[in-house]
Amino acid sequence: MKPNCAIFIKLLLVQSLAIGCLSQSFDFFYFVQQWPGSYCDTKQSCCYPTTGKPKTDFGIHGLWPNYNNGSYPSNCDPNSPFHQSEISDLISKMRISWPTLACPSSSGSAFWSHEWEKHGTCSESIFDQHGYFEAALNLKGNVDLLQILESAGIQPDGSSYSLSSISDAIKEATGYAPGIECNVDASGNSQLYQIYLCVDTSGSHLIKCPVLPRGGCASNIEFPSF
């Protein structure tokens, strides 16, 4: 084989390996929604987005590729930065369903950029940017966590509820046990913070979670108002 041919073949192999790394496989998604009342009811507090106070509802945190062993890929493609222009038709829905509460107050673009670059780039074998954000919005539309909990008598009014009652209500409505994450309020009380549901690699169907996150919850937790 001529030297030039050997070099060319090696370059092709390197390129193939690079593409494989950028489009690496994963086993499932975590679809994570957070309760704004618990995000804000901490010592750090929160800042409403520049568009105003979000509605009283669970907001999307992210759609995160994961492995069955509990680990996850991240920042998979540094050559695929977030471009808001690619999701311009989704922005109005994003502001409602995927609001930022981080300080200082902002439009949400930095939050969405972080989610795409850390997590979304690891699903590029399935989604482009528009498809990634649209999939999360569709999941949000199909799983109304606040309605599920309120229908079970679990209200965001500062009352305490058993962790099992919250989990059971969501399992009854969706068919699958959720992961539940808690944080603590300014007084150190455990409160409902985030709910994890597992989604197949198409990003469209709920599945039984291969592994659930450690939630750090007490047996009884508060559901704060917002």
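From a predicted model like this one, the values you see are computed outputs, not experimental measurements. (Residues numbered from 1 in each chain as written. Predicted model: local features only at pLDDT ≥ 70, side-chain atom pairs only at ≥ 80, totals over all residues. Heavy atoms only, no water.)

1. Overview of the overall build of the protein
Let me state the cut-off plainly: Every helix listed is a DSSP run of H or I at least four residues long, and every strand listed is a run of E at least two residues long, numbered separately from the N terminus. Exposed residues in this analysis have more than 50% of their type's maximum accessible area, buried residues have under 20%, and partly exposed residues fall in between, with area computed by a 1.4 Å probe over protein chains only. Whether two residues are in contact is decided by their heavy atoms, any of which lying within 4.5 Å being enough. To be clear on the numbers: accessible area is Shrake-Rupley with a 1.4 Å probe, and residue cover counts the displayed protein chains and nothing else.
A tally of helices and strands in the protein yields seven helices and seven strands. The secondary structure elements of the protein, listed N-terminal to C-terminal, are α-β-α-β-α-α-α-α-β-α-β-β-β-β. Taking all 226 residues of the protein together, the buried fraction comes to 45%. Of all intrachain contacts in the protein linking residues separated by at least 6 positions in sequence, the fraction that spans at least 24 positions is 76%. Of the roughly 11200 Å² of accessible surface on the protein, a fraction of 52% belongs to carbon and sulfur atoms.

2. Brief notes about empty space enclosed by the protein
What counts here: Cavities and pockets are defined on a 1 Å grid built over the protein atoms alone: a cavity is a set of grid points where a 1.4 Å probe fits but cannot escape, while a pocket is an open set with protein on both sides within 12 Å along at least five of seven lines, and lining residues are those with an atom within 4 Å of any such point. Grid points are joined across faces, edges and corners, and a volume is the space filled by probe spheres set on the points. All residues other than Ala, Val, Leu, Ile, Met, Phe, Trp, Tyr, Cys, Pro, Asp, Glu, Lys and Arg, Gly among them, are scored as polar; the first ten of these are nonpolar and the last four charged.
If you walk through the whole model with that rule in mind, you get one cavity of 30 Å³ or more. In this structure, the largest cavity spans a volume of roughly 80 Å³. As for the largest cavity, its lining consists of Q34, P36, P54, K55, D57, F58, G59, I96, S97, P99, L101 and K140. Grouping the constituent residues of the lining of the largest cavity by class yields six nonpolar, three polar and three charged.

3. Side note on the confidence of the model for the protein
We apply this condition: One confidence number per residue, pLDDT, is output by the predictor and ranges from 0 to 100.
Per-residue pLDDT for the protein averages 92, and the proportion of residues at 70 or more is 89%. Segment residues 5-22: pLDDT under 50, and seven contacts once partners within four positions in sequence are set aside and those in other chains are kept.

4. Re the pattern of salt bridges
Our working rule: Every case where a carboxyl oxygen of Asp or Glu lies within 4 Å of a side-chain nitrogen of Lys or Arg is listed as a salt bridge.
Enumeration according to the criterion identifies two salt bridges in this entry. Close ionic contact of K55 with D57 constitutes a salt bridge, the shortest N to O distance being 3.9 Å. For D57, a relative accessible area of 12% corresponds to the buried category. Among the ionic pairs, D57 bridges to K140, the shortest N-O distance being 2.9 Å. Pair noted here: D57 is in the loop between α2 (36-40) and β2 (59-66) and K140 is in helix α5 (residues 129-142), with a separation of 83 residues, a long-range link. Beyond isolated ion pairs, a larger network of salt bridges with shared partners links K55, D57 and K140.

5. Re the nonpolar core
Inclusion rule: Buried Ala, Val, Leu, Ile, Met, Phe, Trp, Tyr and Cys residues that are joined via side-chain atoms within 4.5 Å together make up what is termed a nonpolar core.
The biggest cluster of nonpolar side chains holds 46 residues, and the ones touching the most others in it are F58, W98, F133, L149, I166, L192 and F223. Ranked by size, the runner-up nonpolar core spans seven residues in total, among them F28, Y30, V32 and C198.

6. Quick notes on the environment of S88
What counts here: Any N or O atom pair separated by 3.5 Å or less is treated as a polar contact, with the protein-specific requirement of one donor-capable and one acceptor-capable atom, and with residues adjacent in sequence counted only for side-chain atom pairs.
Structurally, the position occupied by S88 is in the loop between β2 and α3 (91-97). When the C-alpha positions of S88 and H130 are compared, they lie 8.9 Å apart, and in sequence the two are 42 residues distant. Within the structure, S88 has its side chain in polar contact with the backbone oxygen of S85 (distance 3.4 Å).

7. Digging into the pairing of strand β5 (residues 190-199)
As a reminder, the rule being used: By definition, two strands form a pair when at least two bridges between them are found by DSSP.
With respect to burial, β5 is a largely interior element, 10 of its 10 residues being buried. Connecting strand β4 (residues 179-184) to the antiparallel partner β5 that follows it, the hairpin turn spans five residues, and G188 within it adopts a positive phi of roughly 90 degrees. Strand direction decides the pairing type here: β5 and strand β6 (residues 206-207), joined by two bridges, are antiparallel. Directly across from V199, in β6, lies its bridge partner L206. Hairpin remark: β5 followed by β6, antiparallel, with six residues in the connecting loop; positive phi at G203, about 75 degrees.

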